[in-house]
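Read off the chains here:
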Amino acid sequence: MFYQTIDILGTVAFALSGVLVAMEKRLDLFGVLIIAFVTAIGGGTLRDLLIGNTPVVWMRDLTYVTTIFITVVFGILFVNQLKYLRKSLFLFDTIGIGLYTMVGVEKGVQAGLSPVMCVALGTMTASFGGVTRDILCNEIPVIFRKEIYATACIVGGFSYFLFVMVPVPEGYAYMAAIILVITLRILAVKFDIRLPNIYKKET
Amino acid sequence: MFYQTIDILGTVAFALSGVLVAMEKRLDLFGVLIIAFVTAIGGGTLRDLLIGNTPVVWMRDLTYVTTIFITVVFGILFVNQLKYLRKSLFLFDTIGIGLYTMVGVEKGVQAGLSPVMCVALGTMTASFGGVTRDILCNEIPVIFRKEIYATACIVGGFSYFLFVMVPVPEGYAYMAAIILVITLRILAVKFDIRLPNIYKKET
Amino acid sequence: MFYQTIDILGTVAFALSGVLVAMEKRLDLFGVLIIAFVTAIGGGTLRDLLIGNTPVVWMRDLTYVTTIFITVVFGILFVNQLKYLRKSLFLFDTIGIGLYTMVGVEKGVQAGLSPVMCVALGTMTASFGGVTRDILCNEIPVIFRKEIYATACIVGGFSYFLFVMVPVPEGYAYMAAIILVITLRILAVKFDIRLPNIYKKET
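What counts as what
Residues numbered from 1 in each chain as written. Chains lettered and ligands numbered in written order. Predicted model: local features only at pLDDT ≥ 70, side-chain atom pairs only at ≥ 80, totals over all residues. Heavy atoms only, no water. Helix = DSSP H or I, 4+ residues; strand = E, 2+ residues; numbered from the N terminus. Contact = heavy atoms within 4.5 Å. Areas by Shrake-Rupley, 256 points an atom, 1.4 Å probe, with all protein chains shown as cover. Core = buried A, V, L, I, M, F, W, Y, C linked by side-chain atoms within 4.5 Å. Buried < 20%, exposed > 50% of the residue type's maximum accessible area, 1.4 Å probe, protein only. Salt bridge = Lys/Arg side-chain N within 4 Å of Asp/Glu carboxyl O. Polar contact = N/O pair within 3.5 Å; in protein donor to acceptor, adjacent residues only side chain to side chain. UniProt positions renumbered as here; feature names shortened; annotations may be inferred.

S.K.: Where do I start with the overall build of chain A in this structure?
M.R.: Along the backbone of chain A there are nine helices and zero strands. Counting helices and strands in the order they occur from the N terminus, chain A gives α-α-α-α-α-α-α-α-α. The contacts of chain A with a sequence gap of at least 6 include a subset with a gap of at least 24, amounting to 71%. Of the roughly 9300 Å² that chain A leaves accessible, carbon and sulfur atoms contribute 68%.

What follows is the structure, encoded as structure tokens:
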């Protein structure tokens with residue numbers, strides 16, 4: 001129930017971020033719907049394809065599509081208010097990333113993959129939607145340019161395996177990893193932490 | 001036989017649209033071939049991947065590749081004449097979209113998906129080729145910016161399920177849905193019908 | 001052992017080309033890592049997805065990820081030296097393409113596909129990584145614009161089936177095809193051979 005609620009909030013947040021980007025590009029109604037949809041389900045789709053879990057999950061469970069559709073209608077109606085909601089959006093988005101990371105890790109564990117691959121799956125689940133959104137809108141994906149974004153997923157994902165080795169009970173490790181991803185991302189944005197600059201200064 | 005003919009015409013039309021876009025971008029011979037290929041089989045590939053129907057259909061049936069190859073050779077030889085064929089191309093393209101929509105819907109029904117997902121599959125089958133073509137050529141996909149395109153697929157796809165519920169015999173419902181997609185798209189372009197503007201006027 | 005060595009060299013070369021492109025775009029550390037990763041495993045991933053060979057190969061064998069990771073660290077540390085290594089890079093890249101082409105062809109044969117489809121699979125295995133790299137970096141893929149690149153894969157791939165028909169023993173045919181791809185690509189670049197211009201001169 002709690003899990004389900006956060007899952008829906010995550011889907012809502014990703015869909016809303018898609019609506020905002022698509023409207024900035026002045027796409028038409030269908031374009032906005034598609035971008036919202038792709039942002040919300042892109043990560044899970046890539047994950048399911050890579051591990052051969054087909055039909056992909058959003059095709060078997062109508063909850064995702066229904067949630068996204070309602071979110072887009074809401075987003076278009078209240079787009080002006082949404083600008084003031086940026087901070088809430090960031091929070092939902094971050095919760096979504098935390099959860100999606102661990103959903104991906106879990107699917108990897110179920111598929112018998114090694115921890116490194118589980119973390120890779122989790123990171124892709126959390127981030128591929130935003131990457132696809134940016135490619136469709138003809139931008140270099142923001143994840144490659146700004147903020148510590150995927151790094152939070154990777155660190156959080158590995159922390160799960162460390163917690164389980166301690167051993168922390170699986171459920172707690174799962175929640176702790178989600179909270180770690182969320183915390184890292186919030187701290188990174190709040191204190192403007194960036195990955196080390198790998199380019200030499202031009203003189 | 002009739003079905004096969006339209007299917008090939010659809011593939012031809014999509015391949016030709018790819019040739020035209022690729023030549024406008026002045027890609028080399030191989031680039032033109034690839035863009036034509038991707039435009040014609042992109043939708044079916046995504047559909048087969050999402051429902052786990054692998055190897056994807058064009059890998060198991062040489063007809064698609066052969067048809068596309070012949071079309072590209074023809075397209076390059078007669079590119080100047082093709083400019084006068086724009087209207088025929090639009091017609092073939094529209095027929096292709098109508099058919100591809102229902103092929104996708106049918107595959108969804110066979111995979112036991114809900115009607116909403118079948119329609120989503122059909123729409124993707126009809127439109128993903130063009131989207132990929134535009135991404136490869138570094139454009140915002142035209143489907144997100146102009147014309148009622150995917151909307152015709154969605155309305156047509158749902159009409160199939162309504163027809164079957166009446167009940168209209170399945171074969172007739174199938175044909176009626178194809179014709180509806182085609183008619184909607186022709187009317188939309190002819191009368192310049194667009195999706196409602198969701199942006200406020202700037203003053 | 002020999003095969004394994006070349007395979008790793010190919011992965012290294014593709015990863016390095018990704019590092020160079022990503023650093024030219026001034027992506028951050030994570031962006032460079034992802035672009036290198038995608039360039040090195042993109043082709044194999046598309047191949048495995050299309051034939052339904054999931055989980056995809058790099059998820060089941062850690063060698064790929066480990067190799068790419070080490071290569072990226074090396075690439076970032078020695079990026080200035082790498083500029084002088086362009087020619088070695090081109091050589092490794094070309095060896096990688098030759099090998100990846102035949103790995104793809106082999107997988108197609110195992111999946112019972114027709115020779116045309118095996119060659120298509122091989123070509124995609126060799127080239128899709130670079131295409132994805134360029135799309136992510138917001139460029140028209142270089143493969144569509146410059147050099148005879150995929151053509152070498154196609155000719156080499158078909159040569160394998162011709163060699164086997166002669167009949168040349170399979171292992172020798174395999175090696176001969178790899179060498180043919182490599183030779184064609186080197187000759188094409190050395191003598192600036194291009195595909196025939198399909199555009200009329202503008203007067």
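S.K.: What should I look at first to understand the nonpolar core in this one?
M.R.: Soluble globular proteins: nonpolar side chains tend toward being buried together. Residues Trp58(A), Met59(A), Trp58(B), Met59(B), Val32(C), Trp58(C) and Met59(C) are the most contacted members of the largest nonpolar core, which totals 172 residues. Residues contacting Trp58(B), with those up to four places away along its chain left out, are Phe37(B), Ile41(B), Thr45(B), Tyr64(B), Val65(B), Leu50(C), Met117(C) and Met124(C).

S.K.: It is not clear to me how the pattern of salt bridges should be interpreted in this structure. Could you clarify?
M.R.: Any two side chains of opposite charge can pair, so long as their charged atoms come close to each other. Residues and elements named next belong to chain B. As enumerated under the stated definition, the model contains three salt bridges over all chains in all. For Arg47, the salt bridge identified is with Asp48, shortest N-O distance 3.2 Å. Each of the two residues, Arg47 as well as Asp48, counts as buried.

S.K.: I'm lost on unusual backbone geometry in this one. Help?
M.R.: Backbone phi values are negative for most residues with the exception of glycine, while trans is the configuration of most peptide bonds. With an omega of 10°, the peptide bond between Val166(A) and Pro167(A) qualifies as cis. Note that Pro167(A) resides in the loop between helix H8 (150-165) and helix H9 (170-190).

S.K.: Please explain the side chain of Arg133(B) as it appears in this structure.
M.R.: Residues and elements named next belong to chain B. Counting through the fold element by element, Arg133 comes out in helix H7 (residues 115-136). Among the residues examined, Arg133 registers a relative accessible area of 11% and is labelled buried. At 2.9 Å, the side chain of Arg133 and the side chain of Ser17 are in polar contact.

S.K.: Could you clarify how one ought to interpret the UniProt feature "transmembrane region" (unreviewed entry) in chain A in this entry?
M.R.: All names here are of chain A. Here the UniProt feature "transmembrane region" (unreviewed entry) sits at residues 6-23, 30-50, 62-82, 89-105, 111-136, 148-166 and 172-191. Secondary structure over residues 30-50 splits into 100% helix and 0% strand, and the C-alpha atoms at its two ends are 28 Å apart. Across residues 111-136, helical content stands at 85% and strand content at 0%; the span's end C-alpha atoms are separated by 30 Å.

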